[in-house]
Every structure is written in C-alpha cells, then in structure tokens.
Amino acid sequence: MKNKQVLLKSRPVGEPKESDFAVVKTPIPEPGEGEVCNRTIYLSLDPYMRGRMSDRESYAAPAELGSVMVGSTVSQVIKSQHPNFSVGDFVLGYGGWQSYGVAKGETLRKLDPNQAPISKKR
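Calculation notes
- Residues numbered from 1 in each chain as written.
- Predicted model: local features only at pLDDT ≥ 70, side-chain atom pairs only at ≥ 80, totals over all residues.
- Heavy atoms only, no water.
- Helix = DSSP H or I, 4+ residues; strand = E, 2+ residues; numbered from the N terminus.
- Rg over C-alpha atoms; globule rule 2.2 N^0.38 Å.
- Buried < 20%, exposed > 50% of the residue type's maximum accessible area, 1.4 Å probe, protein only.
- Contact = heavy atoms within 4.5 Å.
- Areas by Shrake-Rupley, 256 points an atom, 1.4 Å probe, with all protein chains shown as cover.
- Lys, Arg positive; Asp, Glu negative; His and termini not counted.
- Charge placed at Lys NZ, Arg CZ, Asp CG, Glu CD.

To continue, consider the overall build of the protein chain. When helices and strands are counted, the protein chain shows one helix and seven strands. Listing the helices and strands of the protein chain from first to last along the sequence gives β-β-β-α-β-β-β-β. In terms of overall dimensions, the protein chain is globule-like: its C-alpha atoms have a radius of gyration of 15 Å, near the 14 Å expected for 122 residues. Judged by the C-alpha coordinates and their principal axes, the protein chain covers about 45 × 30 × 30 Å. The buried share of the protein chain, taken over its 122 residues, is 35%. A separation threshold of at least 6 residues defines the contact pool for the protein chain, and within that pool the share at least 24 residues apart is 63%. As displayed, the protein chain offers around 7,800 Å² of accessible surface, 54% of which is attributable to carbon and sulfur atoms. Of the charged side chains in the protein chain, 17 are positive and 13 negative, and the gap between their average positions amounts to 7 Å.

Here it is as structure tokens:
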C-alpha cells in the first residue's frame, strides 16, 4: 500500500488549477515516539485554504511549496506510539491532503464515533 499525497506545486494566480498541484505516491509513514499514523477518512475543504496557497501576509502562515496541502482531517489510527491513542481510534487532526499522515498525539483530538457515526460506505 502507498500513501497518496497532494502537494502544492505552485502558488495559484486567480482560481487554483490542476497544474498548481502534484499528486505523488510515497511509502506510508511510520510514527515515532509520541506519534500516531492515521488513515484519512474525511478531509475538510475550507475557504481559508485559498489564502494559505498564497504567500501574502495573513493571520496564518502560507502553505509551503512542495509540501502536502494543508487541511483538517477525520482519521483512524492505524499505528500508535502514543499512550493515549490505540489502533482503531478515530481522531480529528490536521493531516492535510493525503491518505495517511503522522501526527504528534498532542495535536489530535479523540472522537467518539457513537456521537457522529462514520459512514460504512467506502
């Protein structure tokens, strides 16, 4: 299995277009001490992301060229090196536009799937 990532290749002029991004496949990352590896289930696409694609002064730092495009995610833990997270846990994080991401446990919020059930259609 591979990790599919969407990278910001260039800063869009006007509306973003496909050529502003690159889709790459990389190995699924391994979590280090205090980290977890998550499989993305949902990616939040929000208007603020357009500002992050620009390098203009803003309340948030611009997304770095060549890096995974930023974005909030709902994910499921597939590997854990953090005592507060177990394989199978659902988490809210900031994994960006990729199938799998690694995050420090302190940056994640555990979700209760009984509060908002995850769709079984996938």
